[in-house]
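# Understanding the architecture of this molecule
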Amino acid sequence: MASFSCRGCAGDDVVPVVDLGSQPCADHFPPIGTPGEDPRWPLELWLCRGCKLVQLGPVKPQLPEPPLAVESATSLAHAESSVKDVLVDHPELSGAVVHEFASHHGGSWLEYLRAAGCRTATGSERADLVVDVHGIAHEPAVGDMMKLRADRLAPGGLLVLEFHHLLSLFIGNQFDTIRHGHWSYLSLGAVIRLGALHGLAVESVRRVDLFGGSLQVMLRHDGEAEPDESVSETLKDEAAAEIYDEIQLSSLQEGAWHAAGALHDELTRHKAAGRTVLGYGAPSKAPVLLDLSRIGTDLLAFTVDAAPGKHGRRIPGCGVPIRSIDDLRAARPDVVLVLTWDIADEVISQLETGGGWGATYLVPLPEPHEVVG
């Protein structure tokens, strides 16, 4: 069995818990006419028994691609409301020096922080407010990146670390969020342990709906944080779900195959009944979802996306073409498979505005279920 050191604490007691097989790189959307098979690499989750970090296994970074996605209205609204909430809770940060670590997901807070009078740190200047919104999970060496964020934080300052919550992934069977390029699957327990290694302590936690369930964790330098009840409550929920337990985590693999099989059966049923099914969205989680579900162009002729940079490309692995939203409206399918399931409400509202055509919307997780527009 292969082994490697934990990406967080560098410990050696790291064990495999989930194996989703060989998968294409999630952010690699080849042009439709690209010949040959798409490259694949192992997609596994491993658990560090020491710091409790859940992470990708011993695979190297693959096929770096420029971001092609367009930010959702949900993400933009979340950034604006989050800044308001943080400044209400911490009015002393209005006008503070801020530094933001960029994220592949977008959702930058800087515009709203500047509007509140904050100034962006220059050079190596330390910041009173350091923000990382879904950035650290994209870093292979998450422990080193935690240190970098601690070093950037000024004495008395606040670090806001937002990430997709492992608890949401586990209880929501969100297996398609496991993908190459997302190196860490963070829990509050792991963040507390990794933060402690670099002189950081958690002060409070806010749960947010973004990406199917995320956490905003507020950290300060050791000796400056006074943890509130939100910390203990979140830790209790994580412990109750046993997301630090390798046997419990391994059940995610069975859940993934079950939901994937159910989605394949659902699309097969619609095809047999003569109903057309087309997709909405080409997110980086779509390749894993469609590959495990054995869905190709025979069951899903094409999907559409708001990002022009993805048009004329295809979902890797399954080969499903990506087209414009206008093509979906023109085709008027009987069923729309919402691949961007985390913003299903936004998608359905967008397509129904001005009058829909009576389509049924199929949301794939935690198990396939229909939503009427």
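Now for a look at the structure at hand. These numbers come from a predicted model, not from an experiment.

Definitions and cut-offs
Residues numbered from 1 in each chain as written. Predicted model: local features only at pLDDT ≥ 70, side-chain atom pairs only at ≥ 80, totals over all residues. Heavy atoms only, no water. Helix = DSSP H or I, 4+ residues; strand = E, 2+ residues; numbered from the N terminus. Rg over C-alpha atoms; globule rule 2.2 N^0.38 Å. Buried < 20%, exposed > 50% of the residue type's maximum accessible area, 1.4 Å probe, protein only. Contact = heavy atoms within 4.5 Å. Areas by Shrake-Rupley, 256 points an atom, 1.4 Å probe, with all protein chains shown as cover. Lys, Arg positive; Asp, Glu negative; His and termini not counted. Charge placed at Lys NZ, Arg CZ, Asp CG, Glu CD. Pairing = 2+ DSSP bridges. Axes fitted to C-alpha atoms, helices over the stretch in contact; angles between N-to-C directions. Parallel < 35°, antiparallel > 145°, perpendicular 65-115°, else oblique. Nonpolar A, V, L, I, M, F, W, Y, C, P; charged D, E, K, R; others polar. Core = buried A, V, L, I, M, F, W, Y, C linked by side-chain atoms within 4.5 Å. Arc of directions from axis to C-beta. Phe/Tyr/Trp six-rings, centres within 6.5 Å; stacked < 30°, edge-to-face > 60°. Right-handed = clockwise from strand over helix to strand, strands pointing away.

When you go through the protein residue by residue, the secondary structure sums to 10 helices and 16 strands. In terms of overall dimensions, the protein is globule-like: its C-alpha atoms have a radius of gyration of 21 Å, near the 21 Å expected for 373 residues. Reported as C-alpha extents along the three principal axes, the dimensions of the protein are approximately 65 × 50 × 40 Å. Here the protein, with 373 residues, has 53% of them falling under the buried criterion. Relative to all contacts within the protein whose residues are 6 or more apart in sequence, the contacts with residues 24 or more apart total 70%. Of the roughly 15,300 Å² of accessible surface on the protein, a fraction of 53% belongs to carbon and sulfur atoms. In the protein, 29 side chains carry a positive charge and 51 a negative one; their mean positions are 4 Å apart.

The strand order S1-S2-S3-S8 describes an open sheet built from 4 strands, whose pairing is antiparallel. The open sheet has two free edges, formed respectively by strand S1 (14-24) and strand S8 (184-185), since each of these has just one partner strand. One ladder, built from 8 bridges, connects S1 with strand S2 (residues 40-48); its direction is antiparallel. Bridging from a neighbouring strand, valine 14 pairs with cysteine 48 of S2. Strands S1, S2 and strand S3 (54-56) of the sheet are contacted by helix H7 (residues 246-272), whose axis makes an angle of about 20° with S1.

Here we take up the packing of helix H5 (residues 188-197) against helix H6 (residues 229-241). For the pair H5 and H6, interaxial distance at closest approach is 9 Å and the crossing angle is 120°. Judged on the interaxial angle alone, H6 and H5 are oblique. Packed against H5, whose contacting residues are Leu188, Gly189 and Ile192, the element H6 presents Val231, Thr234, Leu235 and Glu238 at the interface. Looking at the contact of H5 with H6 residue by residue, the class counts come to 4 nonpolar, 2 polar and 1 charged.

Within the largest apolar cluster, 67 residues are counted, with the highest numbers of intra-cluster contacts made by Leu45, Phe175, Ile178, Leu290, Ile315, Val336 and Leu337. For this core, the element with the most residues is H7, which contributes 7 residues. Not counting residues up to four positions away in its chain, the partners in contact with isoleucine 178 are Leu20, Leu43, Leu45, Leu56, Leu169, Tyr185, Leu252 and Val288. One finds Phe4, Trp46, Val130 and Val231 within the second-largest nonpolar core, a separate group that totals 33 residues.

Regarding helix H10 (residues 344-352), the residues found buried are Ala344, Val347, Ile348 and Leu351. Down the axis of H10, the sector holding all buried residues measures 95°, keeping them to one side. On its buried face, H10 is in contact with strand S11 (277-280), helix H9 (325-331), strand S14 (335-338), strand S15 (360-363) and strand S16 (369-372). One or two steps after H10, the chain reaches glycine 354, where phi turns positive at roughly 85°.

This part takes up the packing of aromatic side chains. Centre distance and the angle of the planes are the two values used to describe a pair of aromatic rings. Scanning all chains against the criterion turns up 1 aromatic pair. Geometrically, the ring pair formed by phenylalanine 4 and tryptophan 46 is edge-to-face, given 5.2 Å between the ring centres and 70° between the ring planes. You can see phenylalanine 4 sitting in the segment before S1 and its partner tryptophan 46 sitting in strand S2, a full 42 residues away along the chain. For tryptophan 46, a relative accessible area of 3% corresponds to the buried category.

A separate point is the pairing of S11. Here S11 shows a buried face lined by Val277 and Gly279 and a second buried face lined by Leu278 and Tyr280. The sheet contact formed by S11 and S14 spans 4 bridges and is parallel. Residue tyrosine 280 lies in a different strand from S14, and its bridge partner there is valine 338. Taken together, the 2 bridges between S11 and strand S12 (residues 303-304) define a ladder with parallel strand orientation. By the bridge assignment for S12, glycine 279 is matched with threonine 303. With respect to chirality, the unit in which S11 leads through helix H8 (residues 286-292) into the neighbouring parallel S12 is right-handed.

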